[in-house]
Amino acid sequence: VMLYIYFYRDEHRLILKEISTKMSSSLIINSFPLILASLITLVYMRSDQIMLKWYLGNYDVGIYSASVRLSQMFYLIPTILGSSFFPAILNAKVVSKKLYYKRLEALFGMSTALGIIITILLYVLSDEIIELFYGLDYQQSSAVFRIHVLSTVLVFSGVIASKWIVAENMQKFFNVILFISMIMNVFLNYFMIPSYGMLGAAYATFISQLMASLILPAIFTKTRRQALMILKSFNSFRTYILLKSLR
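Residues numbered from 1 in each chain as written. Predicted model: local features only at pLDDT ≥ 70, side-chain atom pairs only at ≥ 80, totals over all residues. Heavy atoms only, no water.

Draft legend 1. A look at the overall build of the protein. Assigned secondary structure in the protein consists of eleven helices and two strands. In the protein, which comprises 247 residues, the proportion classed as buried is 41%. Here the protein has roughly 14,100 Å² of accessible surface; of this, 67% comes from carbon and sulfur atoms. (Helix = DSSP H or I, 4+ residues; strand = E, 2+ residues; numbered from the N terminus. Buried < 20%, exposed > 50% of the residue type's maximum accessible area, 1.4 Å probe, protein only. Areas by Shrake-Rupley, 256 points an atom, 1.4 Å probe, with all protein chains shown as cover.)

In C-alpha cells form, the structure reads like this:
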C-alpha cells in the first residue's frame, strides 16, 4: 500500500519531512474494496480449472487451459482502450453530466463493437488458431475455445463498466456483484462439469460473465445504468452518431 509521504530536498539529500497518518489511513480504507475485488476475481477466474482437475484430472485441465489462455489474451484490449479514453471522460464529468455520459456511452459502444468483431473472428477461425498455436494434438480445445470466446463481448463491456464503478465510488456494489457471480460460477461448475466435462466449465464461465456484466447490475438500482449502457452499446448506429457528435 502506497503511503502519502512528503519530502523536501536539502541540497542533494532527500529528507523525510512528514508522514500524514490521516492521509495514509484514508488511502488504505479506500483501497480495501479494490483489494477485495482482486481476490474475488482471482478465485472467480480459477475456480473452473480447479474443479476440472478435481473431477476430470490434469489432462483435461491442460486442454481447457490452452483455450482459456488464448481467449484471455484479447482482454488486454479494453484495458488499453479504457486507460486511453477514460481521463477525457472524467474531465467531461467536471464540465457537465450530459457530456460525461455521452462520452462514456461512446466508449462502451467502441468497446462492444471491437468485442463483437474479435468474437466473430475467433469463433470462425477457432480450429485454425488452435492448430497454429498448439498443433493438431490440441484440436479438442477448439470446442472449448468457441464457447469461451463468447464471453469476450461481455468482458470488454465489463472492463469499461468497472472504471465507471470506480469513478462513481460504487466499489461495494461491484464487490457484491463479483461475489455472487463467483458463487454462481462455482455452483454451475459443480453441476455442469460432471455432465458436460470441459464444455460444461466453458458454459459456466459464459453464464457467470453474463450475470456479472448484465443481469446482476440490472437488479441493483445504483448499477442499473451499467446494464442500460451495455445494452445500448450493441446499437452500432447509435455509437456512430455519438462519436460523430463528439468531434
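Structure shown, so let's carry the discussion forward.
Draft legend 2. Quick peek at the environment of S47. By secondary structure assignment, the location of S47 is in helix α1 (residues 21–55). When residues no more than four places from it in sequence are discounted, the contact partners of S47 are N185, V186 and N189. At 2.8 Å, the side chain of S47 and the side chain of N185 are in polar contact. (Contact = heavy atoms within 4.5 Å. Polar contact = N/O pair within 3.5 Å; in protein donor to acceptor, adjacent residues only side chain to side chain.)

Draft legend 3. Examining the nonpolar core more closely. Counting 17 residues, the largest nonpolar core has I89, Y101, L104, L107, F108, W164 and M229 as its most contacted members. For this core, the elements supplying multiple residues, two or more each, are α3 (76–95), α4 (97–124), α7 (152–167) and α10 (224–233). Among the elements that line this core, the one with the most residues is α4, at five residues. Dropping the residues within four chain positions of it, I89 is found in contact with Y100, R103, L104 and L107. If you look at the next biggest cluster of nonpolar residues, it comprises twelve residues, including M51, I63, I147 and M198. (Core = buried A, V, L, I, M, F, W, Y, C linked by side-chain atoms within 4.5 Å.)

Draft legend 4. Helix α6 (residues 141–148), seen in detail. Within α6, six of the eight residues are buried, which leaves it mostly tucked inside the rest of the structure. If you check which residues of α6 are buried, you get S141, S142, V144, F145, I147 and H148. Residues of α6 that are buried in the fold lie against α2 (58–72), α4, α5 (126–134), α7 and α9 (198–219).

Draft legend 5. Spotlight on a nonpolar patch on the surface. On the surface, I117, I120, L121, Y123, V124, L125 and L150 cluster together into a nonpolar patch covering about 650 Å² of accessible area. Residue classification places L121 among the partly exposed residues on the basis of a relative accessible area of 48%. (Patch = residues over 30% accessible without salt bridge, like charges linked within 9 Å, V, L, I, M, F, W, Y side chains within 5 Å. Salt bridge = Lys/Arg side-chain N within 4 Å of Asp/Glu carboxyl O.)

Draft legend 6. Looking closely at the pattern of salt bridges. Going through the model one piece at a time under the given rule, you end up with three salt bridges. Across the pair R146 and D127 runs a salt bridge, and its minimum N-O distance is 3.3 Å. Taken together, the positions of R146 in helix α6 and D127 in helix α5 put the pair 19 residues apart, joining distant regions of the chain.

Draft legend 7. Molecular detail of the side chain of S65. One can find S65 in helix α2. By relative accessible area, which is 8% here, S65 ends up buried. A polar side-chain atom of S65 sits 3.0 Å from a polar atom in the side chain of Q49.

Draft legend 8. Fine view of unusual backbone geometry. Phi is positive for N169, which is not a glycine, with a value near 55°. Secondary-structure assignment places N169 in the loop between α7 and α8 (171–196).

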